[in-house]
Amino acid sequence: MCSSDLEICKPDGSPWPGAEAWNLQRRQRVEEGNRHLVPMFEDLVKWATAKQIPVTRPITAGICGVNVVFDTPANGQVVLDELRRRLGSDSPFVSSRNHHIVLAMPRGCDKGAALTEYRKLCGLQASEVLAIGDNLNDWSMLCDGHGFRAATVANAVPELLQHVKQRGGLVASKEVSRGVAEIFEAVFT
């Protein structure tokens, strides 16, 4: 995957053979989605400001969709809840939070979709793919029914920890990179 986590590339950042069309289509869908999401986020920031929820970094629109940063994860969750209310359940967009960052993008452009396409390009079954994440923006690859082996580290957000445990996924006893090493040792030895 590329540095954006959402395009399929080699470790050096060059396109993965066969992924160029998928990456281009995804990029086009995100650009179109951003045109709809930016005005919605502008209204959302006005709403948050009126509620005295501090914005610590302005709205950013790019290859990963649209995001805005708030002062705390709790305030980010309040704003995410309002965004989801505004989007509605049948929205063509998905939204999530990574700590205090609220983000949204078109459905099918998330990490789970990218990892599914990568899996197909490599000729792998879903059960042969190990997906490791620690925050709510990893939900799509760990919890959305793609069939990957799910794993998380000890410092993952509680909702993700609980869901991975319920699915029978691996939950490391250690945090961050030591947790990833623990997962690798459990899976590959």
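Basis of the calculations
Residues numbered from 1 in each chain as written. Predicted model: local features only at pLDDT ≥ 70, side-chain atom pairs only at ≥ 80, totals over all residues. Heavy atoms only, no water. Pairing = 2+ DSSP bridges. Helix = DSSP H or I, 4+ residues; strand = E, 2+ residues; numbered from the N terminus. Contact = heavy atoms within 4.5 Å. Axes fitted to C-alpha atoms, helices over the stretch in contact; angles between N-to-C directions. Polar contact = N/O pair within 3.5 Å; in protein donor to acceptor, adjacent residues only side chain to side chain. Phe/Tyr/Trp six-rings, centres within 6.5 Å; stacked < 30°, edge-to-face > 60°. Core = buried A, V, L, I, M, F, W, Y, C linked by side-chain atoms within 4.5 Å. Buried < 20%, exposed > 50% of the residue type's maximum accessible area, 1.4 Å probe, protein only.

Engineer: Summarise the sheet that holds strand β6 (residues 149-152); cite the residues concerned and give the values.
Structural biologist: Overall, parallel pairing links the 3 strands, which are arranged β5-β6-β7 in an open sheet. The open sheet terminates on both sides in strands that have one partner only, identified here as β5 (130-133) and β7 (170-171). Alignment of β5 against β6, held across 4 bridges, turns out to be parallel. Opposite Gly-133, over in β6, you have Thr-152 as the bridge partner. Against the sheet, helix α5 (residues 158-166) contacts β5, β6 and β7, and its axis sits at roughly 140 degrees relative to β6.

Engineer: Could you give an account of the environment of Arg-85, naming the residues involved and the relevant values?
Structural biologist: In this structure, Arg-85 sits in helix α2 (residues 73-87). There is a polar contact of 2.7 Å between the side chain of Arg-85 and the side chain of Glu-82.

Engineer: Run through the packing of aromatic side chains, naming residues and quoting values.
Structural biologist: Note on aromatic pairs: each is described by the distance of the centres and the angle between the planes. What the rule picks out here adds up to 2 aromatic pairs. When the ring of Trp-16 is compared with that of Tyr-118, the centres are 5.0 Å apart and the planes differ by 70 degrees; the resulting orientation is edge-to-face. Here the residue Trp-16 occupies a position in the segment before α1 (20-50), and Tyr-118 occupies one in helix α3 (residues 111-122), the gap between them amounting to 102 residues. Summarising the aromatic geometry, the rings of Phe-184 and Phe-188 are spaced 5.7 Å apart at their centres and angled 65 degrees between planes, so their arrangement reads as edge-to-face. Of the two residues, Phe-184 and Phe-188 are both situated in helix α6 (residues 176-188); the distance of 4 residues between them amounts to about one turn of the helix.

Engineer: An account of unusual backbone geometry is needed here, citing residue identities and associated values.
Structural biologist: Residues other than glycine seldom take positive phi values, yet Gln-52 does so here, at roughly 65 degrees. Inspection of the secondary structure assignment puts Gln-52 in the loop between α1 and β1 (55-62). Residue His-99 is not a glycine yet carries a positive backbone phi of 55 degrees. Inspection of the secondary structure assignment puts His-99 in the loop between β3 (93-98) and β4 (101-106).

Engineer: Explain the sheet that holds β1 residue by residue, including any values.
Structural biologist: Pairing is antiparallel in the open sheet, where 4 strands are placed in the order β1-β2-β4-β3. Because the sheet does not close on itself, it has two edges, and the strands there are β1 and β3. For this sheet the average axis-to-axis angle between neighbouring strands, irrespective of direction, equals 15 degrees. In terms of strand pairing, β1 meets strand β2 (residues 65-70) through 5 bridges, oriented antiparallel. In the strand pairing of β2, Ala-61 is matched with Val-66. Across the sheet, α1 lies against β1, β2, β3 and β4, angled at about 30 degrees from β2, the strand it touches most.

Engineer: Describe the nonpolar core, listing the residues and the values that go with them.
Structural biologist: Judged by nonpolar contacts, the single largest core of 16 residues is most densely connected at Leu-37, Phe-41, Val-68, Phe-70, Val-79, Leu-83 and Val-102. Listed by contribution, the elements that provide at least two residues to this core are α1, β2, α2 and β4. Contact partners of Phe-41, with chain neighbours within four places excluded, come to Ile-59, Val-66, Asn-67, Val-68, Leu-83, Val-102, Leu-103 and Ala-104. Residues Ala-126, Val-129, Ala-131 and Leu-160 belong to the second largest nonpolar core, which totals 13 residues.

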